[in-house]
Amino acid sequence: MDYGELYLESAKKQFLYYKTLGEKAMEQVEPEQLFAAFNEDSNSIAVIVKHLWGNMLSRWTDFFNDGRRKALA
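The present account deals with the structure reproduced in this document. Just so we're clear, the structure is a prediction, and the values are computed from it rather than from any experiment.

## Brief notes about the packing of aromatic side chains
Point 1. Within the structure shown, the criterion is met by one aromatic pair.
Point 2. Taken together, a centroid distance of 5.0 Å and an interplanar angle of 75 degrees make the contact between Y17 and Y18 edge-to-face.

Right, here's the structure in full:
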């Protein structure tokens, strides 16, 4: 196994760990609480998860073009 494969295996394990941790945390609240924000300056759990999903999707599927695309936006 080369260094790239080792890195990807390690990254996948870490992502799975944090995914599981997040899912366990969200299981502790009622479904409607996922969409409630603490105050007008904060985000709900659902919004935070949506942002994390979008950020990881762009970082891991279009890594080389992501920074350039954001700079042009």
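## Let's talk about the pattern of salt bridges
Point 1. Counted according to the given criterion, the structure contains two salt bridges.
Point 2. Between E9 and K13 there is a salt bridge, and its shortest N-O distance comes to 3.4 Å. Of the two residues, E9 and K13 are both situated in helix α1 (residues 3-26); the distance of four residues between them amounts to about one turn of the helix.
Point 3. Its relative accessible area of 33% is what places E9 among the partly exposed residues.

## What to know about the environment of S58
Point 1. Counting through the fold element by element, S58 comes out in helix α2 (residues 45-61).
Point 2. From its side chain, S58 meets the backbone oxygen of N55 in a polar contact 3.1 Å long.

About the cut-offs
- Residues numbered from 1 in each chain as written.
- Predicted model: local features only at pLDDT ≥ 70, side-chain atom pairs only at ≥ 80, totals over all residues.
- Heavy atoms only, no water.
- Phe/Tyr/Trp six-rings, centres within 6.5 Å; stacked < 30°, edge-to-face > 60°.
- Salt bridge = Lys/Arg side-chain N within 4 Å of Asp/Glu carboxyl O.
- Helix = DSSP H or I, 4+ residues; strand = E, 2+ residues; numbered from the N terminus.
- Buried < 20%, exposed > 50% of the residue type's maximum accessible area, 1.4 Å probe, protein only.
- Polar contact = N/O pair within 3.5 Å; in protein donor to acceptor, adjacent residues only side chain to side chain.

Keep in mind that these numbers describe shape and distance, not what the molecule does.
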